[in-house]
Amino acid sequence: MKRKLNYIFSQVIDNYKDAYQGSRPFYISFGLLFIAINAGIYFVPYMSGMDVFMRVIPEYNEAFLVYSYLLLLILPCLATLKKGEAPLKFGTMLSENIGAILGVIVLAVGGVFLMGVHNDFSRSDGVLLAVLYAVIGGVANILTIFIILFLLRTAIQKQINFIHGLIEAFIVTIILFPIIQEFYSFVVYGVLESFSNFVLETNLVGIVLIPIFFVWINVILSPLLVCIITTVISYEEKPEVITETSANESF
């Protein structure tokens, strides 16, 4: 595992610059797609009057944003694993992964229902329930990463042991979530709060500014996360070869 972590970090450092510079238009379009899907998930039920759906929609919070964002990262990860050396093309990615896009939307909508139950549970009184709520949140994060890694491996027809997959998902979760949360805090508490309260309290200005800031930050963040995930997927364990030499050869 130590050798695998060293490999992951070395590859991310080597590949991030090319991923960031060569596919910048792709990640701008990817950020806009994320905004469009989330807007649809939250606004379509209100516009269509789907009362059952509206009752279980959680607050528009960090947890669901991270969940849906990680699911959507399956798309650039698939494109990266299949592309070879060419820069990523957004139109090509959409045309080749329609099934994956629909699957991500279904998982995101299912996540809305689960988070509605999760939020109701978290409002219950009691220390034991609060601890259990935190544990469930951590397990959910690991399972989200496990699902992403499993789907990507299935797409490229690569298998891994179930227990090893869980351990790997746990380690990747520890790596990914702090990075995402730091970027989230930078946008929300750094960039947005640098504006006056009057500007932020103006709904029209907020609707315009928040997507712009997200797309801007996402162009930096997405290539990094995609590098980490695809490096984990593409890693292959190789047996360590020990070459023995005689004392004279060594001398």
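Thresholds applied
Once a new chain begins, its residue numbering starts again from 1 and follows that chain's sequence as written. In view of the model being predicted, local features appear only for residues whose pLDDT reaches at least 70, and side-chain atom pairs are presented and counted only at 80 or more, with totals across whole chains, interfaces and linings using the full set of residues. With hydrogens and water excluded, all non-hydrogen atoms of the structure serve as input to the side-chain values. For helices the rule is a DSSP run of H or I covering at least 4 residues; for strands it is a run of E covering at least 2, with both sets numbered from the N terminus onward. Partly exposed describes any residue whose relative accessible area lies between the buried limit of under 20% and the exposed limit of over 50%, with all areas from a 1.4 Å probe on protein chains only and scaled to the type maximum. The criterion used for residue contact is that any of the two residues' heavy atoms lie within 4.5 Å. Only the protein chains shown count as covering a residue, and every accessible area follows the Shrake-Rupley method with a 1.4 Å probe. Between Lys or Arg on one side and Asp or Glu on the other, a salt bridge is scored when a side-chain nitrogen of the former is within 4 Å of a carboxyl oxygen of the latter. Buried Ala, Val, Leu, Ile, Met, Phe, Trp, Tyr and Cys residues form a nonpolar core when they are joined through side-chain atoms within 4.5 Å. Residue-level confidence of the predictor, termed pLDDT, takes values from 0 up to 100. Here, axes are lines fitted to C-alpha atoms. For helices the fit covers the stretch in contact, and angles between N-to-C directions go from 0 to 180 degrees. Angle categories: roughly parallel below 35 degrees, roughly antiparallel above 145, roughly perpendicular from 65 to 115, and oblique for all the rest. For this scheme, ten residues count as nonpolar: Ala, Val, Leu, Ile, Met, Phe, Trp, Tyr, Cys and Pro. Four count as charged, namely Asp, Glu, Lys and Arg, and the remainder, Gly too, count as polar.

In this section: the overall build of the chain. Per the secondary structure count, the chain includes twelve helices and zero strands. When the helices and strands of the chain are placed in sequence order, the string is α-α-α-α-α-α-α-α-α-α-α-α. Across the 251 residues of the chain, 35% fall into the buried class. For the chain, the proportion of contacts with a sequence separation of at least 24, taken over those separated by at least 6, is 78%. As displayed, the chain has an accessible area near 15,000 Å², and 66% of this comes from carbon and sulfur atoms.

According to the stated counting rule, one finds one salt bridge in the structure shown. Between Arg-153 and Glu-168 there is a salt bridge; the shortest N-O distance is 2.8 Å. With Arg-153 in helix α8 (residues 127–155) and Glu-168 in helix α9 (residues 162–191), this pair connects stretches of sequence that are 15 residues apart. Each member of the pair, Arg-153 as well as Glu-168, is classed as buried.

For helix α4 (residues 62–72), the buried fraction is high: nine of the eleven residues fall into the buried class. Taken residue by residue, α4 has Phe-64, Leu-65, Val-66, Tyr-67, Ser-68, Tyr-69, Leu-70, Leu-71 and Leu-72 as its buried positions.

In this structure, Leu-70 and Ile-145 are the most contacted members of the largest nonpolar core, which totals 54 residues. Looking at this core, the element that brings in the most residues is helix α11 (residues 203–234), giving nine residues. Apart from residues no more than four positions distant in its own chain, Leu-70 is found in contact with Thr-144, Ile-145, Ile-148, Leu-176, Phe-177 and Ile-180.

With that settled, consider the confidence of the model for the chain. For the chain, the mean per-residue pLDDT works out to 75, and 72% of the residues sit at or above 70. For the chain, the element scoring lowest by mean pLDDT is helix α10 (residues 197–200), at 51; helix α5 (residues 74–83) scores highest, at 85. Taken together, the stretch residues 239–243 has pLDDT below 50 and engages in one contact with residues farther than four places along the chain or on a different chain.

Next up on the list: the packing of α4 against α5. Where α4 contacts α5, the two axes come as close as 4 Å, and the packing angle between them is 20 degrees. The orientation of α4 with respect to α5, classified from their angle, is roughly parallel. Taken together, the residues of α5 that come into contact with α4 (itself represented by Leu-70, Leu-71 and Leu-72) are Ile-74, Leu-75 and Pro-76. Partitioning the contact of α4 with α5 into residue classes produces six nonpolar, no polar and no charged.

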